[in-house]
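Letter by letter, the chains look like this.
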Amino acid sequence: MHRRPVRTLLDRYELQWPRERELVARFREFCDGHADCLERSCAPGHFTASAWILDARGEQALLHHHKKLGKWLQLGGHVDGAPEVEAACLREAQEESGMTDFVFVPWAGADLTPLDLDVHEIPARPGEAAHLHWDVRFLLQAGAGQGLRRSSESNELAWVANAALRSFTAEESVLRMARKASEVTA
């Protein structure tokens, strides 16, 4: 079944973050209730994939100033039907940063496990109703020596140290990813 890989990631996530059991249950309910949950055409919302990207030394995270939302956020986007949402995460990281060399940081053993889950509303725009993004977020590390290239979805890209993160954003979901990344890479 095309949603089985998502369910497997949710199971792994719940094992690592048991205090977030209720959030995982909401993700499972959405996944089970919408056969088209991986497609943008799923009207109430759909799965997306994001990347918390660390630099090669693990000292800074990459943020972009999102053109449509006007906020500093992690890189990510729609999974567009991909049952392996981690592939969409990697694709979005490459497209939105201009870099090609990334590795998933193995923080929870041998099996790939999301760093974070987040549900957030995308406001209505002309031709698009308000809807939810069910975001599955992974921890990536960029290979050394790569230059950044801004995509059409960004106003700007910036490497940001944890100590400076609050001067870029007050978004709790972004700050939470930074905390979790620090916790699992310590």
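Report follows, based on the coordinates. Fair warning: this is a prediction, and the values are worked out from it, not measured in the lab.

Further remarks concern the overall build of the protein. Across its full length, the protein carries 4 helices and 8 strands. Counting from the amino terminus, helix and strand elements in the protein follow one another as α-α-β-β-β-β-α-β-β-β-β-α. The C-alpha radius of gyration computed for the protein amounts to 16 Å, which stays within 12% of the reference 16 Å derived for 186 residues, consistent with globular compactness. Projected onto the principal axes, the alpha-carbon positions of the protein cover approximately 45 × 40 × 30 Å. Burial status across the protein gives 48% buried among its 186 residues.

As a further point, take the nonpolar core. Counting 53 residues, the largest nonpolar core has Phe-47, Trp-52, Ile-53, Val-85 and Leu-139 as its most contacted members. Setting aside chain neighbours within four positions, we find Leu-139 in contact with Trp-52, Leu-54, Val-103, Phe-104, Val-105, Trp-107, Leu-115, Ala-181, Val-184 and Thr-185.

Attention shifts here to the side chain of Asp-118. By the element assignment, Asp-118 lies in strand β6 (residues 116-122). At a separation of 2.8 Å, a polar atom in the side chain of Asp-118 contacts the side chain of His-120. For Asp-118, the residues in contact, after removing those within four places along its chain, are Phe-27, His-133, Trp-134, Asp-135, Arg-137, Ser-173 and Arg-176.

So, about the pattern of salt bridges. Counting across every chain of the model gives 19 salt bridges. For Lys-180, the salt bridge goes to Asp-116, with nearest N and O atoms at 2.7 Å. Taken together, the residues Lys-180 in helix α4 (residues 172-185) and Asp-116 in strand β6 connect sequence positions 64 residues apart. Since its relative accessible area comes to 0%, Asp-116 is described here as buried. In this structure, Asp-118 engages Arg-137 in a salt bridge whose closest nitrogen and oxygen atoms are separated by 3.5 Å. Of this pair, Asp-118 sits in strand β6 while Arg-137 sits in strand β7 (residues 131-142), placing them 19 residues apart in sequence. Just as Asp-118 is buried, Arg-137 falls in that class too. One network of salt bridges, in which partners are shared, links Glu-20, Asp-116, Asp-118, Asp-135, Arg-137, Arg-176 and Lys-180.

What counts, and at which threshold
Residues numbered from 1 in each chain as written. Predicted model: local features only at pLDDT ≥ 70, side-chain atom pairs only at ≥ 80, totals over all residues. Heavy atoms only, no water. Helix = DSSP H or I, 4+ residues; strand = E, 2+ residues; numbered from the N terminus. Rg over C-alpha atoms; globule rule 2.2 N^0.38 Å. Buried < 20%, exposed > 50% of the residue type's maximum accessible area, 1.4 Å probe, protein only. Core = buried A, V, L, I, M, F, W, Y, C linked by side-chain atoms within 4.5 Å. Contact = heavy atoms within 4.5 Å. Polar contact = N/O pair within 3.5 Å; in protein donor to acceptor, adjacent residues only side chain to side chain. Salt bridge = Lys/Arg side-chain N within 4 Å of Asp/Glu carboxyl O.

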